[in-house]
2 protein chains.
Amino acid sequence: MNRIHNFNAGPAALPLPVLEEIRDSFLDFKGSGMSITEISHRSKGFEDVLNDAVARTRRLLKLNDQYQVLFLQGGASLQFCMVPLNFLAQGGSADYVNTGAWAGKAIKEAQIQNKPVKVAASSEDRNFCYIPRNIAFNKDAVYVHLTSNNTIKGTQWASLPDTGKVPMVIDMSSDIMSRPVDMAHIGMIYAGAQKNIGPAGTCLVIIRKDLLDLCPDHLPTMLNYRTFAEKNSMYNTPPCFGIYTISLVLKWLEETIGGLEKMDALNQAKADLLYTFMDASGFYKATADQGSRSLMNVTFRLPSEDLEKAFIAKAAENHLGGLKGHRSVGGCRASIYNATGLDAVRDLVSFMKVFQSRS
Amino acid sequence: MNRIHNFNAGPAALPLPVLEEIRDSFLDFKGSGMSITEISHRSKGFEDVLNDAVARTRRLLKLNDQYQVLFLQGGASLQFCMVPLNFLAQGGSADYVNTGAWAGKAIKEAQIQNKPVKVAASSEDRNFCYIPRNIAFNKDAVYVHLTSNNTIKGTQWASLPDTGKVPMVIDMSSDIMSRPVDMAHIGMIYAGAQKNIGPAGTCLVIIRKDLLDLCPDHLPTMLNYRTFAEKNSMYNTPPCFGIYTISLVLKWLEETIGGLEKMDALNQAKADLLYTFMDASGFYKATADQGSRSLMNVTFRLPSEDLEKAFIAKAAENHLGGLKGHRSVGGCRASIYNATGLDAVRDLVSFMKVFQSRS
């Protein structure tokens, strides 16, 4: 077996011990004589898995009783429409901050529904290379929508803005569980699992219970947050394998890494190593502004597109995979989520030095 | 390792060679140095998986160019609302046949949207123990909705009804790929994967392309069939692991079983063995009418609820799992999907004989 260093933006690297546990138990889950993919979602075995994933999420993020932890399907993309469908049904408007492609899609899905949304701030003027500051939010908005980390443009909110009494609804798909979160003004977090906590096909939703009162009765059952809240995510058959994998990743975070403070320190060390090297290189150029740089997705350019092509190809030959930038922007990107270790970043920097010296 | 005979209703048994292939390649998918859960959905490796699953579906069901094969999330439950959202947006009404809990939920999701739906036939008068016949469908309906197999009540359409020019939309979650399908009057098939073709969290949708013209522009993007049709199921990150597993199950169906005619013969043999034994036993009583009996979910009762409890417990001790009836109806149920072999049914019948003789 020849595992590579995986810098994919998502689906992305998972912790090796998690993959090994899945493999080793794949034909016989906990003595059931069945695979985790074959057991009933109504069995004690699966209920334990689900409740474990919920409990670990609560502990890792230090959630109080105001919040409920749900697992849905459809990725963040379905949340883009569910958020306004549920929270703006009884009137009112929402503020959105436009920090790139994913935020833009969230705005579009509210507009398709003819919901009154205001783009309270945008970094489009400089091609989304920074996070807006000093935003004047509407004090009467039902919610403020943010994208905490922008995978394509490589930016991230260093800290959350002050929205006063207006709850934030945050798409954390690409930095969930990468650092502690101040929940003080958060109404809801959603996150497609496939970047930091599991395989594609499961979406973590953390919702403050008072927001459930906004969900209308007449929505299709599968589009109403209350359906999932009332049935502990089990109104219909949930994505069992995804929830199982998430439970193992969260166990690794708690028991091997030691929690989100430690994960954050590791993630900062990884990003510092890479950004510091690039800033001094005179060759690799990070695309995001200082102060807005993502600890998860390090986007950068080389002096020419030909060099970028050669860099990505040569890196792949050296077991460094997934370094191509998003197809919409080009360039290079090293996604260094939780499961991509300091060793991988060190190997990447070593390779970058050699590549530069030979170019 | 101690694998059991798995009679779960869903999630349910998967073919052992499929589980073994997933296990054996789980840390290194096709020499990529990554797990199937870690590779990009935009990679050649995953595109091949997706296209293979589509091609195998087309071959197995003998689909012509009128049909498109899609993979969505949210299970059949999300389809219950997407079907009327998409197909009744421009007016018109739909006929539904009510054959039990799942059909009833499909009807409810259309009614929540205030869509004009007519229950063209129902078997509720006799607790859904039969499939209605000689139904007078509305010739001007946009579609007729059927549930081809009813997991809870153990009934199945032996053959599809004549709906004339009105396209059928069929929930085949629990008998998809169990037998050949006459596509002549079918507009759409949908099937949650977790019974016959894969793990929970992926929904197969086969749609006749002319129906895409009914889908309105103003729907949320993730709720519009055209979104998935235009992007080959890759508008957003698809449920990669589910699609991968489905591709392996379909490969097993084609290459090991030898196609749907052979699968059908096997499934008939399995069901015949079980029903014939029960009918002669004077002890086990099948709950569905002759002629309406499901080849997939054999529902039955014992002379008392105490005996049923003892039967289920004793069966589990003998490595026969999942025999409890649905929590809404009680009794017993042996789900004998594709991956539950004739050997499992033989062992079950042997056990049933012994249990009867000792009761």
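Since this is a predicted model, take the numbers as computed values, not measurements. (Residues numbered from 1 in each chain as written. Chains lettered and ligands numbered in written order. Predicted model: local features only at pLDDT ≥ 70, side-chain atom pairs only at ≥ 80, totals over all residues. Heavy atoms only, no water.)

Further remarks concern the domain arrangement of chain A. Residue and element names in this part refer to chain A. Domain assignment breaks chain A into domain 1 (16-257) and domain 2 (259-357). Placing a centre on the C-alpha atoms of domain 1 and another on those of domain 2 gives a separation of 26 Å. If you look at the interface, domain 1 gives 29 residues, while domain 2 gives 27 residues. For the pairing of domain 1 and domain 2, the buried interface totals around 2,200 Å² over both sides, and the portion due to carbon and sulfur atoms is 53%. The largest share of the area that domain 1 buries against domain 2 comes from Ile-152, Gln-156 and Ile-257, three residues that together contribute 24% of it. Where domain 1 touches domain 2, the interface holds 2 salt bridges. Between Lys-62 and Glu-261 there is a salt bridge whose closest N-O contact spans 3.6 Å. Linking domain 1 to domain 2 there are 16 residue pairs in polar contact (both at pLDDT 80 or more). Listing elements by their share of the side of domain 1 that touches domain 2, those giving two or more residues are strand E6 (149-150), strand E7 (155-156) and helix H6 (240-257). At 4 residues, H6 tops the list of elements feeding residues into the side of domain 1 that touches domain 2. (Domains from an automatic or database assignment. Contact = heavy atoms within 4.5 Å. Buried area = accessible area lost by both parts, 1.4 Å probe. Salt bridge = Lys/Arg side-chain N within 4 Å of Asp/Glu carboxyl O. Polar contact = N/O pair within 3.5 Å; in protein donor to acceptor, adjacent residues only side chain to side chain. Helix = DSSP H or I, 4+ residues; strand = E, 2+ residues; numbered from the N terminus.)

A few words on the packing of helix H3 (residues 75-87) of chain A against helix H4 (residues 101-112) of chain A. Residues and elements named next belong to chain A. It is at 8 Å that the axes of H3 and H4 come closest, and there the two elements cross at 45°. Comparing their axes, H4 and H3 come out oblique. Judged by the sense of rotation from one axis to the other, the crossing of H3 with H4 is right-handed. On the side of H3, the interface is formed by Phe-80, Cys-81 and Pro-84, while H4 contributes Trp-102, Lys-105, Ala-106, Glu-109 and Ala-110. Across the contact of H3 with H4, the residue classes tally to 6 nonpolar, no polar and 2 charged. (Axes fitted to C-alpha atoms, helices over the stretch in contact; angles between N-to-C directions. Parallel < 35°, antiparallel > 145°, perpendicular 65-115°, else oblique. Left-handed = near helix turned anticlockwise from the far one by under 90°. Nonpolar A, V, L, I, M, F, W, Y, C, P; charged D, E, K, R; others polar.)

This part takes up the packing of aromatic side chains. Residue and element names in this part refer to chain A. Taken as a whole and judged by the stated rule, the model has 34 aromatic pairs over all chains. Between the aromatic rings of Phe-26 and Phe-241, the centroid separation amounts to 6.4 Å while the plane-to-plane angle is 90°, which identifies the pairing as edge-to-face. With Phe-26 in the loop between helix H1 (16-24) and helix H2 (44-60) and Phe-241 in helix H6, the pair connects residues that are 215 residues apart, well separated along the chain. For Phe-26, a relative accessible area of 2% corresponds to the buried category. With centroids separated by 5.7 Å and ring planes inclined at 45°, the aromatic side chains of Phe-277 and Tyr-284 adopt a geometry described as tilted. Judged by relative accessible area, which is 13%, Phe-277 ranks as buried. (Phe/Tyr/Trp six-rings, centres within 6.5 Å; stacked < 30°, edge-to-face > 60°. Buried < 20%, exposed > 50% of the residue type's maximum accessible area, 1.4 Å probe, protein only.)

Here the focus is the relation of the copies chain A and chain B. Between chain A and chain B, the superposition needs a rotation of 180° and an axial shift of 0.0 Å, giving an RMSD of 0.0 Å. Look at the turn and shift together and you get a two-fold axis relating the two. It is Arg23(A) whose C-alpha, among those of chain A, lies nearest the rotation axis, at 2.5 Å. Counting the interface residues of chain A, we find that 100% of their copies in chain B are interface residues as well, pointing to one common contact surface. (Least-squares fit on C-alpha atoms with pLDDT ≥ 70 in both.)

Turning next to the sheet that holds strand E14 (residues 332-335) of chain B. Residue and element names in this part refer to chain B. Here 3 strands make up an open sheet; going across it, the order is E11-E12-E14 and the pairing antiparallel. The open sheet has two free edges, formed respectively by strand E11 (285-286) and E14, since each of these has just one partner strand. In this structure, strand E12 (residues 297-301) lies alongside E14, joined through 4 bridges in antiparallel fashion. The residue bridging Asn-297 from the neighbouring strand is Ser-335, located in E14. Against the sheet, helix H7 (residues 260-281) contacts E11, E12 and E14, and its axis sits at roughly 15° relative to E12. (Pairing = 2+ DSSP bridges.)

Counting residues at the interface gives 58 residues for chain A and 58 residues for chain B. At the boundary of chain A with chain B, total buried surface from both sides reaches about 4,800 Å², with 60% on carbon and sulfur atoms. Three residues stand out in chain A for area buried against chain B, namely Pro11(A), Leu27(A) and Glu38(A), and they jointly supply 14% of the buried area on that side. If you look at where chain A meets chain B, you find 2 salt bridges.

In this section: the side chain of Asn8(A). In this fold, Asn8(A) is placed in the loop between strand E1 (5-6) and H1. You can call Asn8(A) buried: its relative accessible area is 9%. Polar side-chain contacts of Asn8(A) include one of 3.0 Å to the backbone oxygen of Glu38(B). Setting aside residues no more than four positions away along its own chain, Asn8(A) makes contact with Gly321(A), Gly322(A), Ser335(A), Tyr337(A), Met34(B), Glu38(B), Ile39(B) and Ser40(B).

This part takes up the pattern of salt bridges. Residues and elements named next belong to chain A. Within this structure, the stated rule accounts for 33 salt bridges over all chains. Glu-308 is paired through a salt bridge with Arg-301; the nearest N and O atoms lie 2.7 Å apart. Through salt bridges with shared partners, one network takes in Asp-52, Arg-56, Arg-59, Glu-254 and Glu-255.

This paragraph deals with the sheet that holds strand E14 (residues 332-335) of chain A. All names here are of chain A. What the 3 strands build is an open sheet, ordered E11-E12-E14; its pairing is antiparallel. The sheet is open, and its two edges are formed by strand E11 (285-286) and E14, each paired on a single side. Running over the sheet, helix H7 (residues 260-281) touches E11, strand E12 (297-301) and E14 and is turned about 15° from E12.

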